[in-house]
Structures are given as structure tokens and as C-alpha cells.
Amino acid sequence: MAPRCWPWWHWSAWRRTRPPPVGSTPSFLQQFSTQEQPPQICVVGSGPAGFYTAQHLLKHHPRAHVDIYEKQLVPFGLVRFGVAPDHPEVKNVINTFTQTARSDRCAFHGNVVVGRDVAVSELQAAYHAVVLSYGAEDHQGLEIPGEELPGVFSARAFVGWYNGLPEDRELAPDLSCDTAVILGQGNVALDVARILLTPPEHLEKTDITEAALGVLRQSRVKTVWIVGRRGPLQVAFTIKELREMIQLPGTRPMLDPADFLGLQDRIKGEGPWPGPLAHQGGDGLGLRGLGGAFWGRGLRSRDRSEMFSLPTEAPRQRKRLTELLLWTATEEPGVEEAARRVLASRTWGLRFFRSPQQVLASPDGRRVAGIRLAVTRLEGVGEAARAVPTGDAEDLPCGLVLSSVGYKSRPIDPSVPFDPKRGVIPNTEGRVVDVPGLYCSGWVKRGPTGVIATTMTDSFLTGQMLLQDLKAGLLPSGPRPGYAAIEALLSSRGVRPVSFADWEKLDAEEVSRGKGAGKPREKLLDPQEMLRLLGR
């Protein structure tokens, strides 16, 4: 079906629109006439971005109807498949999303792949507006030799595996090695490290899949290195995630005090945060208790003078995070903590100023045996500092490599503009550039950054822009068929969508299966089994 064209759309007017002043939402709501046609709005993606966008639209327009399309059979996206199983409090947002989905002005249609089962242009013809909120389901590749070796996985796939993402259920990582290396120093990297090192009995009452728990029970991984191209001031994880790692039962941290030389006096308040700071001294990169040979050539003392570039002022959160890193690296633990560390059977560490150069194969070439890391130094200041190679390198033995260097979105449909370099849909405040009536929210709008609260704010803004355009007459007037037209198309193509009521049946089954083991649920992994349970 060809998309309809509405000649009264003027892009110049579209671009001039601006959000209403702060605090004006209540009067904005009252401006919609009860005589106008109920706007039919389509949201693609049922993760946080999709549900928050739908929530805003339903709350601030008294007659809007929102259909949410999802390629999985089940809703909630990253909340279900991305949030770590030992963070159940983060998943409580599902309760809010469920209330939205149960609204008589909202409908969930799972098992529908937009771009394959139905084109975006067909959605545009059926709805007054379409919002793309399908997230970032791909990962950034390492693009180095050896990346294809068995034993190298993306953190995205590993997280999907232990969280029950159907497409990753057959991942079967081999955890028979002693050492794992995680490339990247964001929250996902720390999530993966924590799951690898957490005593399995501490995960038994979570919603981790039984299959993943079985593999973790047999794991021989004792050491996890979390590697970053830049330094302590540029780590992307939060202080909450770092505290969890430091306090993880049965483990002890290994941080090199030399990585923090020059920061100690400043972070303790004995002086302002300076500009580029020269290190003095430094005895190589060997950690206490580890031989220098383990570290390869490391950095020469003179290279350390170029290692740090500090901002003139550090944000409070960054300062607190650096303080905790510094304390962990340099302070002697108290008696109780020291005793705990002595008994720890597993270790984790942060390796700074290292960039992956090559994954090294075992002698038979059949799996990963290590990784070659280029030693780096920083150019620039603060979080914008760039890692550049020094010419030195070191080899780190390991049997498992997990790449956590970033997620990225995929283009969904040839008709939708896409920036492959940034991995986003080009947009202005959520309005897709040069495509009136098409919007985006969440990671596909701004890139894979921030937490769920960030996505909430972002999605509310997109919803606000859509409603503003609706009020300004920039969206088509007159009735639109909405799901009635799409349902007919899907039926003719043999696609059978799953409703929210269907999901609630699957939800009840998962809860029932988990009850016997004292778990909140045992996730269903096989889409075919889900369909059978629904009588399909």
C-alpha cells in the first residue's frame, strides 16, 4: 500500500514549532476539542521509550488511542531483557507500563516485525502519527583480528542469554576458563562482571533463567578484568554499580594505585581540580601481589606525565565516583573488610589506558587464549579526553572475551532516514527530519546513553512535540482506520499478533513455573512454546 500524501503539510511550519512553556501542560490538555476525530497513534517498540511515549500521549490527550507494536511476543523490552536479574527494584516500572497497556485507549500487538510484516509507510497511512521507539538491539563490533573466535561474545548477547531473550537462548558460553576479560567500563560491563562472579546461590531467587544459572553453577571463572581505553576520570559506570562490585560476596577488588597517582591530593580537597596534571614517579603497572611480567611492558614512568587530563571543575557525581575508586585502590581496608578479602576466592579488577588490538587464539586455533592490548595515553581534558596509542602493547591471557563497547540501533525500513555513523534516526526534538508525522524516542532518537529515567524524560518530550503538532494542525485531519487496517494486512500475510491479554496468560505461566523454585518467575524462552500455550 502506497503512503498517502497530505499537501497541506509545510515543513517550514513544522520546524518552527516549539514546545509550550514549562508548566503549561494542563491548559494544553484543555485545548483539544472533544469534537475532533480521536487521533490514532502508533508506537513501534514496547520498551521504556515506547511505553513512556504512550503514557504521555494518553495522559495529555483525552481521546487519543495508542497502538504499541512489538516484534517479540512479550512486552517491556530492555526492562525484561536488559536489566540485571539481581536488580528487581528497577523492574518495578513494569507495573506502571501494565497500567498503561490495560487502558481502554491503548492496545499491545506483539509478534509483529515492523519493516518485515508491515512497512512504516503502511503504518503512516493508517495512523495520524507514528513514533519509532524500537531501541538499540545491535552491538558495536570490535573490528580487530580474532573477534570471530569461539569464546568471544558481545555483552549484549551475554545479557540477553541470562535474561531469557529468545534469540540468545542458544548462546551457551563456555565458562571453564580461569580468566575473563570485559572490554568497556560502563554499567553493562559491571553487570556482566557481577553476574559472572556472584555466588550462584545468590541468584537462585532472581528471575535469571534456569539454563543460565546451571552454566554459572559450573563456572570456573575466578578473575574478571574490566578494561577501558581511557582512565579513572572517564569511566562510564555509576557509583551504585561500583559499590555493588566492591561489596560483592566472595570477591576482592584489584586496582592499581599507580593509575591514581596525582589524583589523591586533589580529590581529598587539598587543591582545586587542575588542568593537565603531570605525574611524578610511578613504578610501572604491576599490582600489589602480582608479578610485573603479567602486565607485559606497561607504561614507562615518563609516559605517565601524559596520562591524566583533568577538568578545571569536576561534577559532584564524578568526584564521588573517583573518590570511591581512589579509596578502593589506595586505602588499607578495615579489619572486617580485610578478613573478607582474605577469604575471597574470586577477584575483579579495572585496567585503564588499554585498547583491544587483537584477540589471541589457542595453539590449535580453536578458541580464544588471550587478548593483546595497546597501551594508551590521553589527549584532551576531562570526559572529552581521547585515548591515543603509545606504541606499547601487552598480552593478557584469558579464555573468555566479552565486548561491552556500546549498543547501536539498526535501520528499520528503507523509507525511514537513518544515520549509520551515529546509529540514530535524524531528528529534531523527536521529529524525524523531513518526514512529517513520523517521530522517534529513546535510544533510536538520542543513542544508547542514560538510564530508564533519562528515557522517560526523552519520551515525554517526543510525546509533547507530537501533541503540539497535532494542535497546530500539522498532522492529517479526518478519521484514520488505525489497527483495523493493519490487522487486515497482517491477516493477509499470515501474521497473528499477540495481545496484552495473551501476554498476561504467559506471565501467569512464568510466575507459576517460578513459584516452586522460590523465584519471581521462570521465563519462557521458546517462541513456539509460547504460541502453543496460547493455543496457536
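Residues numbered from 1 in each chain as written. Predicted model: local features only at pLDDT ≥ 70, side-chain atom pairs only at ≥ 80, totals over all residues. Heavy atoms only, no water.

Where an unreviewed UniProt entry is consulted, the chain appears under the name NADPH:adrenodoxin oxidoreductase, mitochondrial, with the organism given as Ailuropoda melanoleuca. Within the UniProt record for the chain, the comment given under Cofactor (unreviewed entry) is "FAD". UniProt lists a comment for the chain under the heading Subcellular location (unreviewed entry), and it reads "Mitochondrion". (UniProt positions renumbered as here; feature names shortened; annotations may be inferred.)

**Q** Explain the packing of aromatic side chains here, please?
**A** Geometry of an aromatic ring pair is reported as the spacing of the ring centres plus the angle between the planes. Counted according to the given criterion, the structure contains 15 aromatic pairs. Relative to tyrosine 127, the ring of tyrosine 69 has its centre 6.4 Å away and its plane inclined at 85 degrees; by these criteria the two rings are edge-to-face. Residue tyrosine 69 is located in strand β2 (residues 65–69), and its partner tyrosine 127 is located in the loop between α6 (120–126) and β4 (129–132); the two are separated by 58 residues in the primary sequence. Comparing tyrosine 69 with tyrosine 127, the two get one shared label, buried. Residues phenylalanine 76 and tryptophan 503 carry aromatic rings whose centres are separated by 5.9 Å and whose planes lie at 85 degrees to one another, so their mutual orientation is edge-to-face. With a gap of 427 residues between them, phenylalanine 76 in the loop between β2 and α4 (77–81) and tryptophan 503 in helix α17 (residues 500–515) connect regions that are remote in the sequence. Residue class for tryptophan 503 comes out buried when judged on its relative accessible area of 4%. (Phe/Tyr/Trp six-rings, centres within 6.5 Å; stacked < 30°, edge-to-face > 60°. Helix = DSSP H or I, 4+ residues; strand = E, 2+ residues; numbered from the N terminus. Buried < 20%, exposed > 50% of the residue type's maximum accessible area, 1.4 Å probe, protein only.)

**Q** What is the right way to look at the pattern of salt bridges in this model?
**A** Pairing is possible between side chains of opposite charge, provided their charged atoms come close. Under the defined criterion, the tally for this structure stands at 39 salt bridges. Close ionic contact of arginine 169 with glutamate 170 constitutes a salt bridge, the shortest N to O distance being 3.9 Å. Here lysine 523 makes a salt bridge to aspartate 207, at a shortest N to O gap of 3.8 Å. In this pair, lysine 523 sits in the loop between α17 and α18 (527–533) while aspartate 207 sits in the loop between α8 (187–197) and α9 (210–217), placing the two residues 316 residues apart along the sequence. This pair shows no difference in class: lysine 523 is buried, exactly as aspartate 207 is. What you see here is one network of salt bridges that share partners, running through Asp86, Glu89, Asp191, Arg194, Lys240, Glu241 and Glu244. (Salt bridge = Lys/Arg side-chain N within 4 Å of Asp/Glu carboxyl O.)

**Q** Help me understand the UniProt feature "binding site: NADP(+)" (unreviewed entry) in the chain, please; the structure alone is not making it clear to me.
**A** The UniProt feature table records "binding site: NADP(+)" (unreviewed entry) at Gln185, Gly186, Asn187, Val188, Arg229, Arg230, Glu241 and Gly450. By the element assignment, glutamine 185 lies in the loop between β7 (179–183) and α8. Setting aside residues up to four positions removed in sequence, glutamine 185 forms contacts with Ile226, Val227, Gly228, Val235, Ala236, Phe237, Leu350, Arg351 and Phe352. In terms of polar contacts, glutamine 185 uses its side chain to reach the backbone carbonyl oxygen of isoleucine 226, at 3.1 Å. (Contact = heavy atoms within 4.5 Å. Polar contact = N/O pair within 3.5 Å; in protein donor to acceptor, adjacent residues only side chain to side chain.)

**Q** I tried to follow the sheet that holds strand β14 (residues 400–403) on my own but got confused; where do I start?
**A** Think of a sheet as strands paired side by side through backbone hydrogen bonds, with each pair either parallel or antiparallel. One open sheet accounts for six strands, arranged β6-β14-β7-β8-β10-β9; its pairing is parallel. Each having just a single partner strand, β6 (152–154) and β9 (251–254) make up the two edges of the open sheet. Put simply, the sheet's adjacent strands are angled 20 degrees from each other on average, direction ignored. Sheet topology note: the strand β8 (residues 223–227)/strand β10 (residues 346–351) ladder contains five bridges and is parallel. By the bridge assignment, valine 227 is partnered in β10 with arginine 351. Seen against the sheet, helix α7 (residues 155–163) touches β6 and β14 and runs at an angle of roughly 80 degrees to β6. (Pairing = 2+ DSSP bridges. Axes fitted to C-alpha atoms, helices over the stretch in contact; angles between N-to-C directions.)

**Q** Help me understand α9, please; the structure alone is not making it clear to me.
**A** Along an α-helix, residues three or four positions apart point the same way, because every turn accommodates 3.6 residues. When we look at burial in α9, the residues that qualify are Ala212, Leu213 and Leu216. Down the axis of α9, the buried set is contained in an arc of 100 degrees. They therefore lie on one face. Where the residues of α9 are buried, they touch α7 and α8. (Arc of directions from axis to C-beta.)

**Q** Help me understand the packing of α8 against helix α10 (residues 239–246) in this model?
**A** A packed helix pair is summarised by two numbers, namely the angle formed by the two axes and the spacing between the axes. At a closest axis distance of 10 Å, the pairing of α8 and α10 adopts a crossing angle of 20 degrees. As judged from the angle between their axes, α8 and α10 are roughly parallel. Between α8 and α10 lies a crossing of left-handed hand. Residues Asn187, Leu190, Asp191, Ala193 and Arg194 of α8 touch α10, and the partners they reach there are Glu241, Leu242, Glu244 and Met245. (Parallel < 35°, antiparallel > 145°, perpendicular 65-115°, else oblique. Left-handed = near helix turned anticlockwise from the far one by under 90°.)

**Q** Quick question: what am I supposed to make of the sheet that holds strand β13 (residues 386–397) here?
**A** Spatial ordering of the open sheet is given by β11-β12-β13, a layout of three strands whose pairing is antiparallel. Only two strands of the sheet have a single neighbouring strand rather than two, namely β11 (354–361) and β13. Taking the axes of each pair of neighbouring strands and ignoring which way they run, one obtains an average angle of 20 degrees across the sheet. For β11 and strand β12 (residues 368–379), the ladder comprises seven bridges, and the chain directions are antiparallel. When the sheet's bridge partners are listed, valine 359 is paired in β12 with isoleucine 371.

**Q** I would appreciate a short explanation of unusual backbone geometry in the present structure.
**A** Although it is not a glycine, phenylalanine 76 sits at a positive phi angle of roughly 90 degrees. On the basis of relative accessible area, phenylalanine 76 is assigned to the buried category, the value being 2%. Its identity is not glycine, yet phenylalanine 353 carries a phi of approximately 55 degrees, on the positive side. Its location among the elements puts phenylalanine 353 in the loop between β10 and β11.

**Q** Explanation requested: α17 in the structure shown.
**A** In this model α17 runs 22 Å from its N-terminal to its C-terminal C-alpha over 16 residues, within 8% of the 22 Å that 1.5 Å per residue would give. As for α17, its buried residues are in contact with α4, α5 (93–101), β3 (106–109) and α18. Capping the start of α17 is the job of one residue whose side-chain oxygen sits 3.4 Å from the backbone nitrogen of alanine 501: serine 499. (Expected span 1.5 Å × (residues − 1).)

**Q** Would you mind going over the environment of leucine 343 with me for this structure?
**A** Mapping leucine 343 onto the fold places it in helix α13 (residues 335–343). Look at leucine 343 and you get exposed, because its relative accessible area is 73%. Leucine 343 sits 92 residues away from threonine 251 along the chain, and the two C-alpha atoms are 8.4 Å apart.

**Q** Sorry, what's going on with the state of the cysteines here?
**A** Note: disulfide means a covalent bond formed between the sulfur atoms of two cysteine side chains. Taken as a whole and assessed by the stated rule, the structure comprises zero disulfides. Free of any disulfide, cysteine 177 has its nearest cysteine sulfur in cysteine 398, 7.4 Å distant. (Disulfide = S-S within 2.5 Å.)

**Q** Teacher, can you tell me more about the layout of surface pockets here?
**A** Where empty space is left in the structure can be found by rolling a water-sized probe over the atoms. Here the second largest pocket defines a volume of roughly 440 Å³. For the lining of the second largest pocket, the elements supplying multiple residues, two or more each, are α4, α5 and α17. Residue contributions to the lining of the second largest pocket peak at four residues, all from α17. In terms of domain composition, the lining of the second largest pocket takes at least three residues from each of domain 1 (40–138 + 408–498) and domain 2 (141–268 + 314–405). (1 Å grid on protein atoms, 1.4 Å probe; cavity = no way out; pocket = protein on both sides within 12 Å on 5 of 7 lines; lining within 4 Å. Points joined across faces, edges and corners; volume = space filled by probe spheres on them. Domains from an automatic or database assignment.)

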